[in-house]
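Breakdown of the fold
Here are the chains, one letter per residue:
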Amino acid sequence: MTNTIAEHQASSTITLSPKQQEQPESLIVIGQGILDTLESLVPLSDYTARFILTDQNVYADWVKPLAERIGASVIQVPSGEQHKVLSSVEYVCRCLMKGRADRKALLINVGGGLIGDLGGFAASVYMRGIDFVQVPTTLLSQVDASVGGKTGVNLESVKNMIGAFQQPVAVLVDVNTLKTLPKRELLSGFAEILKHGIIADEAYFEWVVSSWQAGSETFDWVQCVEKSCHIKAAIVSADEKEAGARKLLNLGHTIGHAFEAASYKTESPLLHGEAIALGLVAEAHLAERTGIAAAGTCERISEAFKALGLPTSIEAHFVTEELMAYVHSDKKNLGDRILWSLPTRIGQAVIDAEVELELVEEALKIVQR
Ligand code: GLY
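Another aspect to go through is the side chain of Ser188. On the secondary structure map, Ser188 appears in helix α6 (residues 183-188). When its relative accessible area of 2% is taken as the criterion, Ser188 is described as buried. Excluding residues within four positions of it along the chain, Ser188 makes contact with Leu140, Leu271, Gly273, Glu274 and Leu310.

By size, the foremost hydrophobic cluster in this structure holds 79 residues, and its most contacted members are Ile28, Phe190, Trp221, Phe259, Phe305 and Trp340. Sequence-distant contacts of Phe190, defined by excluding residues within four places in its chain, comprise Leu139, Val208, Trp212, Phe219, Trp221, Phe305, Leu308 and Leu310. With 22 residues, the next largest nonpolar core counts Leu44, Tyr47, Leu106 and Val135 among its residues.

A word on the pairing of strand β1 (residues 12-16). Here β1 shows a clear split, with Ser12, Ile14 and Leu16 buried on one side and none of Thr13 and Thr15 buried on the other. Sheet topology note: the β1/strand β2 (residues 26-31) ladder contains five bridges and is antiparallel. In the sheet register, Thr13 faces β2, and the bridge partner there is Val29.

We now examine the site of the ligand. For the ligand, the full set of nearby residues is Asp144, Lys150, Lys232, Glu242, Arg246 and Leu249. Between a nitrogen atom of the ligand and a side-chain N or O atom of Asp144, the distance comes to 3.2 Å. Lys150 is positioned such that a nitrogen or oxygen atom in its side chain is 2.9 Å from an oxygen atom of the ligand. In isolation the ligand exposes 200 Å². Once the protein is present, 91% of that is buried.

Parameters and conventions
- Note that residues are indexed from 1 along each chain, following the sequence as it is written.
- A pLDDT threshold of at least 70 governs which residues receive local features in this predicted model, and a stricter bar of 80 or more applies before side-chain atom pairs are shown or counted, although totals over entire chains, interfaces and linings include all residues.
- In computing side-chain properties, one takes all heavy atoms of the structure into account and sets aside hydrogens as well as water.
- By the criteria applied, helices consist of DSSP H or I runs no shorter than four residues and strands consist of E runs no shorter than two, each listed in order from the N terminus.
- Burial here depends on accessible area, computed with a 1.4 Å probe over protein chains only, as a share of the maximum for the residue type. Under 20% is buried, over 50% is exposed, and the range in between is partly exposed.
- Contacts: residue pairs with any heavy atoms within 4.5 Å of one another.
- Working definition of a nonpolar core: buried Ala, Val, Leu, Ile, Met, Phe, Trp, Tyr and Cys residues. They are joined through side-chain atoms within 4.5 Å.
- Here, any two strands with at least 2 DSSP bridges between them count as paired.
- Note on terminology: near, applied to a residue and a molecule or strand, indicates that one of the residue's heavy atoms is within 4 Å of it.
- Polar contacts here mean pairs of N or O atoms no more than 3.5 Å apart (in protein, one a potential hydrogen donor and the other a potential acceptor; neighbouring residues in sequence count only if both atoms are side-chain atoms).
- Using a 1.4 Å probe, accessible areas were evaluated by the Shrake-Rupley method; residue-level cover was limited to the displayed protein chains.

Written out as structure tokens, the structure reads:
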């Protein structure tokens, strides 16, 4: 299925500048047709060789013409979360080595979150680090995964357990790639978009919902991706390594990751955004029950997701103990303490909140029917 993306949406540039300056600035360019002008945005002649990491979902439409034009070697990996593992990192590194990539080679990751996370991690360890560019082609990766330098792979079924913080030299977002994205995947991107509104900007939250309801064909993707990248880049610039404020970006993820990981063992795995929508609703319920969030916050989030076509509940087939085991393995936790990022209202959230375990179990049940 293809989507209607309005033509002639302007382009925009954002700079992500880590405050601690441990890493150089990263340029984020958002617009239509960005892939057609990649060579004017990245100084390709500074590099001894160019490699593109991708999967079969985007190879024919987006990668083949680009690779031919810029003379890049293509490394393909299979799509699917089961391939987001350490052996895939080794495979990419082997391909780079076979292709005689040296320290001045460039890796361009063209695809969804898996490609960006895997390619970014491979680039951060190959020869102890080579430059890479993120070209996210799914809405979810355009507004979240490609920005902020988190790279990595899963370990057993725990998400992103092995990885590194490594900023790409550039993130190039071409919203034209959304045209070939299946509708379910497109909608799943709205979970991270609404999350940005919930943690930082009520007007943006409202704008996304009302603009989508006014008609998907007139929805301004450039404005939407730009606003989300702005919110995320500001947070990451202040706290690149997630010592504090960056934990806000994990809103909905403690419970969301639990549903996502548990669903991989079923016949109907959830998309990341679908799981995060469930996580945001459940965690808003938790925040209300503990008095952290204003009354009605959960209801507003739930209504917004319904309007955007995302699930707010799921048929119950999960064992609470299994979900709780994932909650206990969340990367924000310290020792036995489960530390939550929770909303206080739409537009504001807190980090490091601690809540009673019975309320967590109740929140898990709220989104299962
Ligand atoms: N996806 C959350 C973060 O980048 O921090």
